[in-house]
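Report on the structure
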Amino acid sequence: MLRLVSLKLGRLYRYVKLAVLGSLAAALVLNTHSLLGSLQRNELSERRFLQLNKCPACWGTSWCRKFLNGQLRLESWGRLRLFDFFNVKNVYFARYGEPREGSRRVVLKRLGSAQELADIDAKICRRATGRGRCDLPQALHATEFASLNGDVRLLTPDAVEGWSDLVHCPSQRLLDRLVRRYAETKDSGSFLLRNLKDAERMQLLITLAFNPEPLVLQSFPSDEGWPFAKYLGACGRMVAVNYVGEELWSYFNAPWEKRVDLAWQLMEIAEQLTNNDFEFALYLLDVSFDNFAVGPRDGKVIIVDAENVLVADKRLIRQNKPENWDVWYESKFDDCDKEACLSFSKEILCARVTVDHNYYAVCQNLLSRHATWRGTSGGLLHDPPAEIAKDGRLEALLDECANPKKRYGRFQAAKELREYLAQLSNNVR
């Protein structure tokens, strides 16, 4: 009976698969003319595709000249709108050409799905007019984004606190940094909000409220050693960032030596974001294999999705001394059945100086046996060589880092794990 059910399910799967492929083939045939048109024209030079008409409810205009002059072109299948159905995250790969530098690959992001972008439009319209549709640029002037006008000297915590993860608990020092390093203005370098033009100011605020990833990349740039992709510029609702390389996921079954090096880098990233000379703790609230990429030449691990980053100002915490501010905080292990689970309290992350969240996130979701992703288990450090498995130290450190048995055990395990992985990596080399 079970075999009969299995056979029926197998046939049903094949029929469904054939039906989907048939529908796709039919769509390709019926839309051949439009498909050929998509391949021939450069949509990245079209104002409508870039949604420039939505500005200043957009991400910026610093790269518009490059887009509109045709210096960027979508790669291969990215030109076919038929495949947008599968591109839920609205992420595109393109070639960017400079006369003296040649061509290089870049990543283009709309910073949200089509539905998410439609929702923010409707939200702005309802706040301004009470209706779901409106003249967006005009309506923007009747929202809270316009209340921070040219008469306002500084962007203050009271005005934006809680707008997004980046400013869940902002300090004045952080906000001054965001304004001073805002790349979508010609006069960057000043922390005075009133020095921005009206359109630039509203673009900054819209980005901060909807998806602050560009502001994270600008405020903590790769040029200064931060482990994020390099921000290049924006045009309308399209942001350009440097292409790093293949996702970390593609290295899941790489040689052991390579995986050890990648694991060491991930722990170093966790340490850098937690403890640095700037005394900003950057906590990763979304940690999965597709949020990191690896450079093909230097093998460097880089964070390529920085939308969900909470920044806590340790100087402000020490100054305000909230309850238990100096008590070390241990994150609780989350043994759930889903991928990339994390248990955290944003309020606690904002109120403690010493927090193990980043170590916990990397160990649980990427390195240890608890990590699950796309049907796999065992984490990046699965199936170690026999001598390392027999020694047992690596497994013990990973287990203590993911799900500590001792008080403050994760702090110590993370430190020892970084040292042990560095030792293994050096031994391999």
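Here the structure is a predicted model, which means the values were calculated and not measured.

Here we take up the environment of Leu 381. One can find Leu 381 in the loop between strand 12 (376–377) and helix 16 (386–391). In this structure, the C-alpha to C-alpha distance between Leu 381 and Leu 367, residues 14 residues apart in sequence, is 5.7 Å. Setting aside chain neighbours within four positions, we find Leu 381 in contact with Trp 256, Arg 259, Val 260, Ala 263, Leu 367, Leu 394, Leu 398 and Leu 421.

Our next topic: helix 10 (residues 198–210). Taking 1.5 Å per residue as the helical rise, helix 10 with its 13 residues ought to reach 18 Å, and the 18 Å between its terminal C-alpha atoms agrees with that figure. The set of residues buried in helix 10 consists of Glu 200, Arg 201, Met 202, Gln 203, Leu 204, Leu 205, Ile 206, Thr 207 and Leu 208. If you follow the buried residues of helix 10, they end up packed against helix 5 (114–129), helix 7 (144–147), helix 8 (157–160), helix 9 (172–180) and helix 11 (213–219).

The subject of this paragraph is the packing of helix 12 (residues 256–274) against helix 15 (residues 357–367). If you want to describe how two helices pack, look at the angle between their axes and the distance between the axes. Where helix 12 meets helix 15, the axes come as close as 9 Å, and the angle between the chain directions of the two elements is 155 degrees. The orientation of helix 12 with respect to helix 15, classified from their angle, is roughly antiparallel. In the crossing of helix 12 with helix 15, the sense of the turn from one axis to the other is right-handed. Facing Ala 263, Leu 266, Met 267, Ala 270, Glu 271, Leu 273 and Thr 274 of helix 12, the residues of helix 15 in contact are Asn 358, Tyr 359, Val 362, Cys 363, Leu 366 and Leu 367.

Time to look at the sheet that holds strand 8 (residues 292–294). The three strands lie next to each other as 6-8-9, forming an open sheet whose pairing is antiparallel. A strand with exactly one partner marks an edge of an open sheet, and here the two such strands are strand 6 (246–247) and strand 9 (301–303). In this sheet, strand 8 lies alongside strand 6 in antiparallel orientation, the contact comprising two bridges. Among the inter-strand pairings, Glu 246 is bridged to a residue of strand 8, identified as Val 294. Relative to the sheet, helix 12 contacts strand 8 and strand 9, its axis offset from that of strand 9 by approximately 45 degrees.

Estimates place the volume of the largest pocket at around 740 Å³. If you go around the largest pocket, you meet 29 residues; those closest to its centre are Lys 89, Val 91, Lys 109, Val 304 and Asp 305. Per-element accounting of the lining of the largest pocket gives the leading share, three residues, to strand 3 (residues 102–109). Residues that form the lining of the largest pocket fall into these classes: twelve nonpolar, seven polar and ten charged.

A word on empty space enclosed by the protein. If a probe the size of a water molecule is rolled over the atoms, the empty space left behind becomes visible. A complete count under the given rule lists two cavities of 30 Å³ or more for this structure. Counted as a void, the largest cavity has a volume near 60 Å³. Around the largest cavity sit Leu 284, Leu 285, Asp 286, Asn 291, Phe 292, Ile 303, Asp 305, Ala 306, Asn 308 and Val 309, which together line it.

A complete count under the given rule lists five disulfides for this structure. Between the sulfur of Cys 55 and that of Cys 58 lies a disulfide, 2.1 Å long from S to S. Looking along the S-S bond of the Cys 55-Cys 58 disulfide, the torsion reads about 110 degrees, which is the right-handed sense. For Cys 55, a relative accessible area of 16% corresponds to the buried category. Residue class for Cys 58 comes out buried when judged on its relative accessible area of 0%. Two residues share a disulfide in this structure: Cys 169 and Cys 350, whose sulfurs sit 2.1 Å from each other. The disulfide joining Cys 169 to Cys 350 has a torsion of about -80 degrees about its S-S bond and is therefore left-handed.

Spatial ordering of the open sheet is given by 1-2-3-5-4, a layout of five strands whose pairing is antiparallel. Of all the strands in the sheet, just strand 1 (72–74) and strand 4 (231–235) have a single pairing partner and so form its edges. Averaged over all pairs of adjacent strands, the angle between their axes in this sheet comes to 35 degrees, without regard to strand direction.

On to the confidence of the model for the chain. Per-residue confidence for the chain gives a mean pLDDT of 88, with 87% of residues at or over 70. Below a pLDDT of 50 lies the segment residues 1–10, which in the model reaches zero contacts outside its immediate sequence neighbourhood of four places, other chains included. Confidence over residues 32–36 falls short of pLDDT 50; this stretch has three contacts with residues more than four positions distant or in other chains.

Summed over all chains, the structure comprises 17 aromatic pairs. The interplanar angle of 80 degrees and the centroid separation of 6.0 Å between the aromatic rings of Phe 93 and Tyr 243 together place this pair among those described as edge-to-face. Note that Phe 93 is positioned in strand 2 (residues 91–98) and Tyr 243 in the loop between strand 5 (238–242) and strand 6, a separation of 150 residues in sequence. Judged by its relative accessible area of 36%, Phe 93 is partly exposed. Here the aromatic residues Phe 220, Trp 226, Phe 278 and Phe 280 are joined through ring pairs into a cluster of three or more. For the cation-ring pair, Lys 66 lies above Trp 63, with the distance from its terminal atom to the ring centre recorded as 5.5 Å.

Here is what the cut-offs are and how they apply
Residues numbered from 1 in each chain as written. Predicted model: local features only at pLDDT ≥ 70, side-chain atom pairs only at ≥ 80, totals over all residues. Heavy atoms only, no water. Helix = DSSP H or I, 4+ residues; strand = E, 2+ residues; numbered from the N terminus. Contact = heavy atoms within 4.5 Å. Expected span 1.5 Å × (residues − 1). Buried < 20%, exposed > 50% of the residue type's maximum accessible area, 1.4 Å probe, protein only. Axes fitted to C-alpha atoms, helices over the stretch in contact; angles between N-to-C directions. Parallel < 35°, antiparallel > 145°, perpendicular 65-115°, else oblique. Left-handed = near helix turned anticlockwise from the far one by under 90°. Pairing = 2+ DSSP bridges. 1 Å grid on protein atoms, 1.4 Å probe; cavity = no way out; pocket = protein on both sides within 12 Å on 5 of 7 lines; lining within 4 Å. Points joined across faces, edges and corners; volume = space filled by probe spheres on them. Nonpolar A, V, L, I, M, F, W, Y, C, P; charged D, E, K, R; others polar. Disulfide = S-S within 2.5 Å. pLDDT = per-residue confidence, 0-100. Phe/Tyr/Trp six-rings, centres within 6.5 Å; stacked < 30°, edge-to-face > 60°. Lys NZ or Arg CZ within 6 Å of the ring centre and 35° of its normal.

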